[in-house]
Each structure stands twice: as C-alpha cells, then as structure tokens.
Amino acid sequence: MAIVAGVDFGTLGVRVTLVDSAKGPIGTASASYPLHRRREDPNYATQSHADQMAALAAATRDALKTAAIDGAQVAAIALDTTGSTVVPVGQGLEPLDEYYLWCDHRAFAEAEEITRKAHELRFEGIEWCGGVYSHEWGFAKLLHWLRHNPEKRSRFVTALEHCDMVAATLCGVTDVSGLKRSVCAMGHKWMWNPKWGGLPPEEFLVAVDPLFAGVRAKLAGQYLTSDHLAGHLSPKWASQLGLRPGIPIPVGAFDAHWDAIGANIREGDVVNVVGTSTCIMAIAKKPQLVPGVCGVVPGSVHPQYAGIEAGLSAVGDIFDAIAQRAGTTVAALSEGLAAYRAGQTGLLRLSWDNGDRTVLVNPELGGVTLGWNLVHTAQDELFAAIEGTAFHTRIILERMAGHGVRIDRVINAGGVPQKNEILNRVYANVLNKPVLVPAGIPTSLGSGIFALLAAGAFKTAEEAQAAVCLPFRTVEPDAKSAAVYQQLYPLYRDVYFALGTRDAAPAALGRVLPELRKIAAQVRNAG
C-alpha cells in the first residue's frame, strides 16, 4: 500500500488530492490564487509563481489535515498545470516576469508570423499541430515577451512551462543543465517531436524573428515522458508542504492530459475535460495528422500512446460571462433549465468568445448569437450557449473521426460536468451518443496515478487506473431531442464555417434564421 499526493494547478486555484493505492482518493483540498487581467487589454492574463507556490503549500497541508494522515506517509508527489503557461527565467531559474497564462492572448500577431513562416519554409512541425500555430502556445508567448521587454533580454536564461517550473522548484533545480522538460508540454505547445530531431531548427526560428537567435539552445534539458522522474523533493519544499524530503516527483504534464488519465481513458475514448475551456483528449497507438487539431504528440497523455488534443477556448468562461452580465451566477441562472427542450429558444450561439481553438484555430473570432427577439432572456442565452458548445464539440469529433481517430466512448470529465447535469444531457443529445460521467471529481486523480507509478505502487498506468479511478454513470441520449438537434446541427455547421473562415461564401446563411424560428415553433407546438 502507498499514499501519494496528486496536484492539479488550474486557472484560478490548485487542488491537492491524497490517493491511497488500495482505497483511491482519501482526502482533498484546494487554494486559490489571483488571475491578473487588465480592462484596457482583454488579451492580458498573468499569474505570479510565488502566489501559486504559496497556494500549493496551503492546499497540501489542508489535504493532510482532511485525510488525517502524517505527511511522512506520503510516498510521492506529482503535478499537472495549465498550458501553455510560460514563464521567462534568469539566473537560478528565478522568474523575470509573471506567467503568461494559457488564456493570455497577446501573442496573436506572433502566432500568425510563426504559422506563415512555417508554411513558407515547409517546416513539417506546423502540420502536426493542426496547420496553424496558436497564440496560446509557447514560442508565440516567448517572442511577444522578448519583443516587449528589451530591458530584460540580457538576463534571460530560458523559458519554462508551468509544470516544468513547479517541478524544478520543488526539486531545488537552479540550473538549466538539471532541467527535466515535459514531452506533453513541449510537444503540444512548442512543436517538439523526435520525428524532426526535437525542437524546430534554429534557422527556422531565426527566420521568424532574429530575437530567437540562440533560444533553441537555451531551451536545453532532458525531454521526458511522465514515467520518468523530474527529481526528488528538496528539504526546503518538504518543510513548506509538510512532507518528507527525498520523495520522487515524476515529470509533469498539462492538466487536461492527466485529467484524461484520471477519467480512465483508453484507446477509443474521447475525454471532454470541461472547465473554463474544454480540452478534448484521445490516445492512439498509430498517430495520424488531423487538420485543425491542436497537436498529435507521442507520449503526451499516456507514455505508450500518441496523445491527441483539441478543444474549445471558452466554455465555463462563457457561462460565467452570461451570468455576470445578467447580474447573477451560473448556478442561479441554471435553475429551471431542466425544463428547457432542444431548440426551443430559437437561438444559435457560437462559442468563439475567446476565439476558436479547434478546428479553425482563429483567435480573431468573437462570440455570435443568432435568432434574438425582444423577449429572449439571459437564461435562454445560457441554454443556447450549452447547446453551442456541444455543437462545436461535435464539429471537432467529426473532424477527428474523419482522420482515423477511434471514438467508441465519450467521457465528460473536468469540473463543469459534475455541477451541470443539463450540459451532460445536451451533449448526449447533440452527439447522439451515451455520455459517461465519473461518479465524483477526477481532477488531480491523474496526478495521483503518476505519483503512484513513481512510488512503485503499480507497474503500469492501466493497473493504477483500475485500482483508483472512479466508476462512471451514463447519460443516455433522448431520441426526440436528438432528432431536433439533428435538424439544428447542419445550421450550426454552416454558420461555423461561413463566419469563421476568411473569404467563405455566405450563400448558405440566408436559410439559418428562418429555420431557427421554424424549429423553435415546432418544439413549442409539440408540447
């Protein structure tokens, strides 16, 4: 038997779950940290490394109290984070600035330049990240920082993804030579792949901007999957966390990727990790290119499979924004949604409030709601937004399936499906598939599984999943609702590609508003 700590750094807080190899989760606690935004620049989103580490210490100690165990009993600790969340560091791996959070979108121009140059020079890496480099990813964020912080460039030693920075901090690593970097983070967000010798070549990076000269060499370290160790817990941080020094820390990963492991993913599954945004995860033995999909990276989710990542840039954030504009909360606004029927609002809402992550990969898009009349309410918009995120998810799943990704089961993981049963019901009806939902919160359980592997409690991820993953409950589609969504989906698909694609012919759009009204009237008249 072993007890370990699994850590999940989210957008607004960190959760620590203690996992017993025989009993599963035995205690959990969380602590929040501030997200720094600027009203004058809606693309700005940063966080402090010091704030996050302080929150980790508080949550770990609280988890130990909740489980009523001594920290000396914890045999390993593992962590996942948001990404691409990037921090530039100087000597001693000390931060030179705050983290560029995953949802910091200031680097949209830099991303466009990287995409353009990659296609111009026919760099293969661009095809393996969907054909478009995103403003949410590492090289774009780093180039934006280099351009806007000339006074700090001389002190720049390297840049780190959040998961690698936290692991290095906990292990007491202060030099690039001792760094272990996550294949998950660097593969999905920095175009790292052994297929072309690791990171993009120096000549490509310098062709994008001469400020990248020497950066490839500065991104040194060992690039490893999470079945390897980043190091061992230092005495300093053991004291801070209330654990014993020297326990192993595996190489970290992104939250959604390990959430998929915690949701018991297997080949043939798609896991929708639904939170402030949605990451859509799959694994495959034989990776294939999927146009418009964020990344296909060997070893990124499960060390023995290629990880496939797609997603929506905003989901829970959209629901929150609708509620805030109405002067209420999502929970309050959701009261009564159970009585809503498929298509009854006559609204069609596209989930582009934070741009499009997949399949258009276009940061210039904005939220669109069609079909308004004078009596629509904020609650109507919330229901339409849930439907819209489900439609967008169907667009993505059809793209993946069309390029060889097996989709046998759909699992709704993340925080939102635990609190919003309407979302699970709508997703089942829009996808016309049963949706499996973990019977409890799987967040940070994936970290616990990799900590158990590091502690030697299990030999494989599958053994650990079988022992500690939560059972599923099943949300079945309703045939009547699914039939309505089968009518609405082609309208959504037409609008999605017509408004989301430059120079697209909008001829099909003239039928959308009349069809929305017709379908809504049919639903109302059907009683």
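In the block above lies the structure referred to throughout.
Let me sum up the structure you'll find in this document. (Residues numbered from 1 in each chain as written. Predicted model: local features only at pLDDT ≥ 70, side-chain atom pairs only at ≥ 80, totals over all residues. Heavy atoms only, no water.)

1. A word on the overall build of the chain
Thought 1: Helix and strand counts for the chain come out as 18 helices and 23 strands.
Thought 2: Scaling as 2.2 N^0.38, a compact globule of 527 residues should have a C-alpha radius of gyration of about 24 Å, and the chain matches this with 23 Å.
Thought 3: Split into buried and exposed, the 527 residues of the chain put 61% on the buried side.
Thought 4: Counted over contacts in the chain with a minimum sequence separation of 6, partners at least 24 positions apart contribute 72%.
Thought 5: For the chain, the exposed area adds up to about 19400 Å²; of that, 52% sits on carbon and sulfur atoms. (Helix = DSSP H or I, 4+ residues; strand = E, 2+ residues; numbered from the N terminus. Rg over C-alpha atoms; globule rule 2.2 N^0.38 Å. Buried < 20%, exposed > 50% of the residue type's maximum accessible area, 1.4 Å probe, protein only. Contact = heavy atoms within 4.5 Å. Areas by Shrake-Rupley, 256 points an atom, 1.4 Å probe, with all protein chains shown as cover.)

2. Description of the sheet that holds strand S1 (residues 3-9)
Thought 1: On the basis of which strands lie adjacent, the open sheet formed by five strands has the order S3-S2-S1-S6-S14 and mixed pairing. Whereas interior strands pair on both sides, the edge strands pair on one side only; in this sheet they are strand S3 (24-32) and strand S14 (253-254).
Thought 2: Judged from the eight bridges that link them, strand S2 (residues 13-20) and S3 form a sheet pairing that is antiparallel. In the strand pairing of S3, Asp 20 is matched with Gly 24.
Thought 3: Each of S1, S2, S3 and strand S6 (74-81) is contacted by helix H15 (residues 445-454), which is oriented at about 135° to S6, the strand it contacts most. (Pairing = 2+ DSSP bridges. Axes fitted to C-alpha atoms, helices over the stretch in contact; angles between N-to-C directions.)

3. Observations regarding the packing of aromatic side chains
Thought 1: With the rule as written, the count across this model stands at 16 aromatic pairs.
Thought 2: Between Tyr 133 and Trp 137, the ring centres sit 5.1 Å apart and the planes meet at 85°, which makes this aromatic pair edge-to-face. Each member of the pair, Tyr 133 together with Trp 137, is buried.
Thought 3: Between Phe 391 and Tyr 485, the ring centres sit 5.7 Å apart and the planes meet at 80°, which makes this aromatic pair edge-to-face. Here Phe 391 is found in helix H12 (residues 378-401), whereas its partner Tyr 485 is found in helix H17 (residues 479-500), with 94 residues between them in sequence. You'll find Phe 391 and Tyr 485 in the same group, each marked buried. (Phe/Tyr/Trp six-rings, centres within 6.5 Å; stacked < 30°, edge-to-face > 60°.)

4. Some points on unusual backbone geometry
Thought 1: Residue Gly 83 is joined to Ser 84 through a cis peptide bond whose omega torsion reads 5°.
Thought 2: Take Ser 84: it is sitting in the loop between S6 and strand S7 (86-89).
Thought 3: Note the cis peptide between Thr 358 and Val 359, where omega equals 15°.
Thought 4: Position of Val 359 relative to the elements: it lies in the loop between strand S19 (348-350) and strand S20 (368-370).
Thought 5: The phi dihedral of Leu 93 is positive, around 55°, even though this residue is not glycine.
Thought 6: Along the polypeptide, Leu 93 turns up in the loop between S7 and strand S8 (99-100).
Thought 7: Unusually for a residue other than glycine, Asn 264 sits at a positive phi of about 70°.

5. Some points on helix H16 (residues 461-468)
Thought 1: Along H16, the positions that sit buried rather than exposed are Ala 461, Ala 464, Gln 465 and Val 468. Buried residues of H16 fall within an arc of 100° about the axis and therefore sit on the same side.
Thought 2: For H16, the secondary structure elements touched by its buried residues are S2, S3, helix H9 (255-262) and H15. (Arc of directions from axis to C-beta.)

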